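Descriptive structure summary
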Amino acid sequence: MNKMIWNKIYKRHTLLKMLVISVIAFSMLMSISGAVPFAYITNAGSNTVSVIDTTTNKVTATVNLESTHFSLEVAAAHGGTKVYLTNPVDNIVSVISTSTNRIIANVPVGVHPRGIAVTPDEKKVYVANSGDKTVSVIDANTNKVTATVNVGIWPRGVSVNPAGTKVYVVNHGSNNVSIINTGTNKITATVNVGQQPSGVAVTPSGKEVYVANSGSHNVPGTVYVIDANTNEVISIIEVGIDPEGIVVDPDGTKVFVTNFFSQNVSVIDTATNTVISTVKVGTYPLGVAVDSNGKKLYVTNLGSSDVSVIDTGTNTVKATVSIEKRPAGVAITQNKKMYKWKLVL
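Notes on the structure in this doc start here.

Reading guide: rules and limits
- Residues numbered from 1 in each chain as written.
- Predicted model: local features only at pLDDT ≥ 70, side-chain atom pairs only at ≥ 80, totals over all residues.
- Heavy atoms only, no water.
- Pairing = 2+ DSSP bridges.
- Helix = DSSP H or I, 4+ residues; strand = E, 2+ residues; numbered from the N terminus.
- Axes fitted to C-alpha atoms, helices over the stretch in contact; angles between N-to-C directions.
- Buried < 20%, exposed > 50% of the residue type's maximum accessible area, 1.4 Å probe, protein only.

Some details on the sheet that holds strand S27 (residues 316-322)
Reading across the sheet, the 4 strands line up as S24-S25-S26-S27 and stay open at both edges, with antiparallel pairing between neighbours. If you trace the sheet from one side to the other, it starts and ends with strand S24 (285-290) and S27, each paired once. Averaged over all pairs of adjacent strands, the angle between their axes in this sheet comes to 25°, without regard to strand direction. The sheet contact formed by S24 and strand S25 (residues 296-301) spans 4 bridges and is antiparallel. When the bridges of S25 are listed, Pro285 appears paired with Asn301.

Description of the sheet that holds strand S28 (residues 327-332)
Strand pairing in a sheet relies on backbone hydrogen bonds, with the paired strands running either antiparallel or parallel. Strand order in the open sheet formed by 4 strands is S3-S2-S1-S28, with antiparallel pairing between adjacent strands. Each having just a single partner strand, strand S3 (58-64) and S28 make up the two edges of the open sheet. Direction aside, the axes of adjacent strands within the sheet are offset by 25° on average. Strand direction decides the pairing type here: strand S2 (residues 48-53) and S3, joined by 6 bridges, are antiparallel. Bridge pairing in S3 places Val49 opposite Val63.

With respect to the pairing of strand S21 (residues 254-259)
Of all the 6 residues making up S21, 6 are buried; the element is thus mostly covered by neighbouring parts of the structure. Alternating residues of S21 divide into Lys254, Phe256 and Thr258 and Val255, Val257 and Asn259, and every residue in both groups is buried. As paired strands, strand S20 (residues 243-248) and S21 are joined by 4 bridges and run antiparallel to one another. Residue Pro243 lies in a different strand from S21, and its bridge partner there is Asn259.

Side note on unusual backbone geometry
Unusually for a residue other than glycine, Asn101 sits at a positive phi of about 55°. In this structure, Asn231 takes a positive phi of about 60° despite not being glycine. With respect to the secondary-structure elements, Asn231 resides in the loop between strand S18 (220-227) and strand S19 (232-241). A relative accessible area of 25% means that Asn231 is categorised as partly exposed.

Remarks on the pairing of strand S10 (residues 134-139)
The buried fraction of S10 is high, at 5 of 6 residues. By the bridge criterion, 6 bridges tie strand S9 (residues 124-129) to S10 in an arrangement that is antiparallel. If you follow Asn129 over to S10, its bridge partner there is Thr134. Counting the residues in the hairpin turn of S9 and S10 gives 4 residues, including Lys133, whose phi is positive at 60°. Pairing geometry for S10 and strand S11 (residues 144-150), over 6 bridges, is antiparallel. Opposite Val137, over in S11, you have Ala147 as the bridge partner. Count of turn residues in the S10/S11 antiparallel hairpin: 4 residues, of which Asn143 carries a positive phi of about 55°.

Structure, rendered in structure tokens:
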């Protein structure tokens, strides 16, 4: 009799234990799989970085930089653990840990660093130094410059292909794009593009490269499309006045371009390479980034000191986030961590 009672109690205890553990494991799994990406915004007018929760579109943190650390552009490591800022006044790249939102390193680079990009394996960071016609290559583990590559005049935007084998650098002053082999850190090709190129983005397939050419301030700018296999320009698309920022959505179907003086965003269909929509945003839009599922686009408006959040399904502004003075660059962290569970009862 006592044995039967004990067996019932033991079974109930075991079932309860399994239920509790399952609930805890499920809760933890949900919190990990649903980890929120954050948008990091460099504020050129206040020497700060604003951190926006992309779920609520609320500012959740502000990172204060040193008084002379005037940051412009920003790139996030693909694992979401680090964010890199270019500081053209002090000629450094600042590294922020996203777990603490504190600067963990300042890396000396070339003169007047602007564009910046991280390789997909997070091992290297490429920085365009517009003041001395070079690109600095940073070892992301040691935070040391390991190579310097000579490029064109006033290098600006930087983008790495998904395979991590090529880096595209737009040279604002020489109207071309330098292509760097990441294995050798040597230039393998130079492609002529439009007048005063400012931004560059590579499609997820790595087959096409889109270059925003700012051109003259009173005429529409252009986007050149480069075939990544042949390094030939295969299409030219007219957009707004003074296009600056450019990004491709995760599935490679759309390209978004900020037009600084037109105060809008051009939406390009990559299948036809035509503008299919124009979205009105704030004053003097500059930086642009898209979230990992391609549903939200974040645009920094330098003149109105806010960020426009665009629904990419409808191409309409769904939220406007007020932040610090003169927001410039934007990057969105993407959490790609995976966890394995082993349960022993």
